[in-house]
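One letter stands for each residue in the lines below.
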Amino acid sequence: MNPVLTAVLVGIPVAAGATLQRTTGLGLALVGAPFLVAVLGAQDGVSFGNALQTVLCLLVLAGTWRATRWGAAGALLIGAAVGVPLGALLVGRLPEGPLLIVVGSLALLGIALAALPQVGAVLRGAPGAVASGLAAGFVNASAGVGGPLISAYGIAQRWDRASFVPTAQVVLLAINVTSLLVKGLPALHTGVWVAGAAALVVGVAAGGPVSRRIGPVAGRRLVLAVATAGALATVVRGALTL
């Protein structure tokens, strides 16, 4: 594919995903991942997404880190330290379609648990954080969509968006860095890297004003909607590859 066309097809969805992630705490994997995989292929698309997520998390944290819930982030990371290597080991060893259906269904289950007040209690506290981190790390390394499970944990804790956004970035940052260390950077044209980086900056700049205009209730609903859409998209993507 022409490098210029590839850069355009990468830049537009990445900018949209970065805007959504600055607003809700996640979004690049939802909006960008399907396009990245379609344009770059499954392995390079996921690895490139991991690299972009790493930079994006740092950009978002630069303006939001003061509201981070560090204790919860640490517990999530303990689980992720186990989940990421497991997910990376499965990539290429299991058929892509069934793997995506399984991880997407796992994310949907976590979101459903979090959305029900009585059932969501199982995700609260340190055990819930470790379990959520493990599942998020596994899903992120295998399919590039760990955000919905981190969101499920935040929803179960009834966090406001101001706390969830930076806390999610801390966890996603560590998960994506670990994924890159395990799998390595993809060998892509320089123009693709430049387009991705520029799109991240544009998206974060646009997301700041959007985030300030959304109230607490609407923000929580938006986080839930984005997380659910991301999990569903993963299941559908898997079904289409069968």
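See the structure printed just above.
Residues numbered from 1 in each chain as written. Predicted model: local features only at pLDDT ≥ 70, side-chain atom pairs only at ≥ 80, totals over all residues. Heavy atoms only, no water.

Caption draft 1: Just empty space enclosed by the protein, in detail. Tallying each qualifying case throughout the model produces three cavities of 30 Å³ or more. Approximately 80 Å³ is the volume attributed to the second largest cavity. In terms of lining residues, the second largest cavity is bounded by 15 residues, among which Leu26, Ala29, Leu30, Gly147 and Pro148 are the most central. Among the elements of the structure, helix 2 (28-31), helix 8 (147-156) and helix 11 (216-240) are those that each provide at least two residues to the lining of the second largest cavity. (1 Å grid on protein atoms, 1.4 Å probe; cavity = no way out; pocket = protein on both sides within 12 Å on 5 of 7 lines; lining within 4 Å. Points joined across faces, edges and corners; volume = space filled by probe spheres on them. Helix = DSSP H or I, 4+ residues; strand = E, 2+ residues; numbered from the N terminus.)

Caption draft 2: Up close: the packing of helix 5 (residues 70-90) against helix 9 (residues 161-183). Taken N-terminus to C-terminus, the directions of helix 5 and helix 9 make an angle of 25°; their axes are 9 Å apart at the nearest point. As far as their axial angle goes, helix 9 and helix 5 are roughly parallel. Helix 9 is crossed by helix 5, and the crossing has right-handed handedness. Contacts from Trp70, Ala73, Leu76, Leu77, Ala80, Val84 and Ala88 in helix 5 reach Thr167, Val170, Val171, Ala174, Ile175, Thr178, Ser179, Val182 and Lys183 in helix 9. Residue composition of the contact of helix 5 with helix 9, by class: twelve nonpolar, three polar and one charged. (Axes fitted to C-alpha atoms, helices over the stretch in contact; angles between N-to-C directions. Parallel < 35°, antiparallel > 145°, perpendicular 65-115°, else oblique. Left-handed = near helix turned anticlockwise from the far one by under 90°. Contact = heavy atoms within 4.5 Å. Nonpolar A, V, L, I, M, F, W, Y, C, P; charged D, E, K, R; others polar.)

Caption draft 3: Local environment of the side chain of Thr167. Tracing the backbone shows Thr167 in helix 9. Residue classification places Thr167 among the buried positions, given a relative accessible area of 1%. Polar side-chain contacts of Thr167 include one of 2.8 Å to the backbone oxygen of Ser163. In contact with Thr167, other than residues within four places in its own chain, are Ala67, Thr68, Arg69, Ala73 and Trp159. (Buried < 20%, exposed > 50% of the residue type's maximum accessible area, 1.4 Å probe, protein only. Polar contact = N/O pair within 3.5 Å; in protein donor to acceptor, adjacent residues only side chain to side chain.)

Caption draft 4: Representation of the packing of helix 4 (residues 42-64) against helix 10 (residues 190-212). Contact geometry of helix 4 with helix 10 gives a least axis separation of 10 Å together with a crossing angle of 35°. As for the relative orientation of helix 4 and helix 10, their crossing is right-handed in sense. Of the residues in helix 10, those touching helix 4 at Phe48, Ala51, Leu52, Val55, Leu56, Leu59 and Val60 are Val192, Trp193, Gly196, Ala197, Leu200, Val201 and Val204. Classifying every residue of the contact of helix 4 with helix 10 by side-chain character gives 13 nonpolar, one polar and no charged.

Caption draft 5: Highlighting the environment of Arg212. Among the structural elements, Arg212 can be located in helix 10. Under the relative-accessibility criterion, Arg212 is labelled exposed at 64%. Along the backbone, Arg212 and Ala162 are 50 residues apart, and their C-alpha atoms lie at a distance of 9.9 Å.

Caption draft 6: The arrangement of the layout of surface pockets in detail. Reported here for the second largest pocket is a volume of approximately 180 Å³. Lining the second largest pocket are eleven residues; nearest its centre among them are Thr64, Arg161, Ala162, Val165 and Ser211. Mapped by element, the contributors of at least two residues to the lining of the second largest pocket are helix 4 and helix 9. With three residues, helix 9 is the largest single contributor of residues to the lining of the second largest pocket.

Caption draft 7: Spatial organisation of the packing of aromatic side chains. Here the structure, examined in full by the defined rule, presents two aromatic pairs. Geometrically, the ring pair formed by Phe48 and Trp193 is edge-to-face, given 4.9 Å between the ring centres and 85° between the ring planes. Taken together, the positions of Phe48 in helix 4 and Trp193 in helix 10 put the pair 145 residues apart, joining distant regions of the chain. Judged by centre distance (5.6 Å) and plane angle (85°), the ring pair of Tyr153 and Trp159 falls under edge-to-face. The residues Tyr153 and Trp159 share a single accessibility class, namely buried. (Phe/Tyr/Trp six-rings, centres within 6.5 Å; stacked < 30°, edge-to-face > 60°.)

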